[in-house]
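Structural characterization, general
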Amino acid sequence: MDIEAEVQVRASAFELALLANDATRIAGFLTDEWVYVGPDGMVTKSELVEWIASGRLAHHTMEAAGPERTVATSDALLVTCQRVSTGAWEGDPYTADEWISDLWVREGGTWKCAFTQKTPA
């Protein structure tokens, strides 16, 4: 299996964990140093996991809005695509149309997301 296929399997499982709002499973897909960068600044792994565990953030749907673009090295894969998602933040529903880049790295014999950046589409 090539790198793109390996990461696609992990990314699909990660998306299912996000849609289940399962904070423990989500944490297992992220490196300890993972950070999300978006229009409002940075969010750490511990912050994201706490938001989901407490119900402050809930994911409902996620769909690709176009093809993915990947750039691979032997131990890393950068995946960029446009995604549309829905959920709730502090009980208020949201819809997001964003360009998302995820950096996946090999860690401990598996693939984990090390960095995510989102930009409104």
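Since we're looking at a predicted model, the values are computed, not measured.

1. Considering the nonpolar core
Among the nonpolar cores identified, the biggest contains 24 residues, and F14, I26, L30, L48, I52 and W104 are the most heavily contacted of them. Looking at this core, the elements with two or more residues in it are α1 (3–19), α2 (23–28), β1 (30–38), α3 (45–54), β3 (57–64), β5 (76–89) and β7 (110–120). The dominant element in this core, judged by the number of residues it contributes, is α1, at five residues. With sequence-adjacent residues up to four places away left out, L30 is seen in contact with F14, K45, L48, K112 and C113.

2. Comments concerning the layout of surface pockets
In this model, the largest pocket occupies a volume close to 1,100 Å³. Taken together, 41 residues form the lining of the largest pocket, with Y36, H59, E98, I100 and K118 sitting closest to its centre. Mapped onto the lining of the largest pocket, the elements with two or more residues apiece are α1, β1, β2 (41–44), α3, β3, β5, β6 (92–107) and β7.

3. Considering the side chain of E98
Here E98 shows up in strand β6. Apart from the residues lying within four places of it in its own chain, the contact partners of E98 are C81, Q82, R83, S85, K118, T119, P120 and A121.

4. Topic: the pattern of salt bridges
With the rule as written, the count across this model stands at seven salt bridges. Within this structure, E6, D75 and R106 form a network of salt bridges that share partners.

5. Here we look at the packing of aromatic side chains
On inspection of all chains with the given rule, the structure shows three aromatic pairs. On the numbers, 6.0 Å between centres and 85 degrees between planes, the contact of F14 with W104 is edge-to-face. Placement of F14 in helix α1 and of W104 in strand β6 is noted, with a sequence separation of 90 residues between them. What makes F14 buried here is its relative accessible area of 9%. According to the relative accessible area criterion, W104 is buried, its value standing at 1%. For the pair W51 and W89, a centre-to-centre distance of 4.9 Å together with 75 degrees between the ring planes defines the contact as edge-to-face. With W51 in helix α3 and W89 in strand β5, this residue pair connects regions lying 38 residues apart in the sequence. Through a chain of ring-to-ring contacts, the aromatic side chains of F14, F29 and W104 assemble into a single cluster.

About the thresholds
Residues numbered from 1 in each chain as written. Predicted model: local features only at pLDDT ≥ 70, side-chain atom pairs only at ≥ 80, totals over all residues. Heavy atoms only, no water. Core = buried A, V, L, I, M, F, W, Y, C linked by side-chain atoms within 4.5 Å. Buried < 20%, exposed > 50% of the residue type's maximum accessible area, 1.4 Å probe, protein only. Helix = DSSP H or I, 4+ residues; strand = E, 2+ residues; numbered from the N terminus. Contact = heavy atoms within 4.5 Å. 1 Å grid on protein atoms, 1.4 Å probe; cavity = no way out; pocket = protein on both sides within 12 Å on 5 of 7 lines; lining within 4 Å. Points joined across faces, edges and corners; volume = space filled by probe spheres on them. Salt bridge = Lys/Arg side-chain N within 4 Å of Asp/Glu carboxyl O. Phe/Tyr/Trp six-rings, centres within 6.5 Å; stacked < 30°, edge-to-face > 60°.

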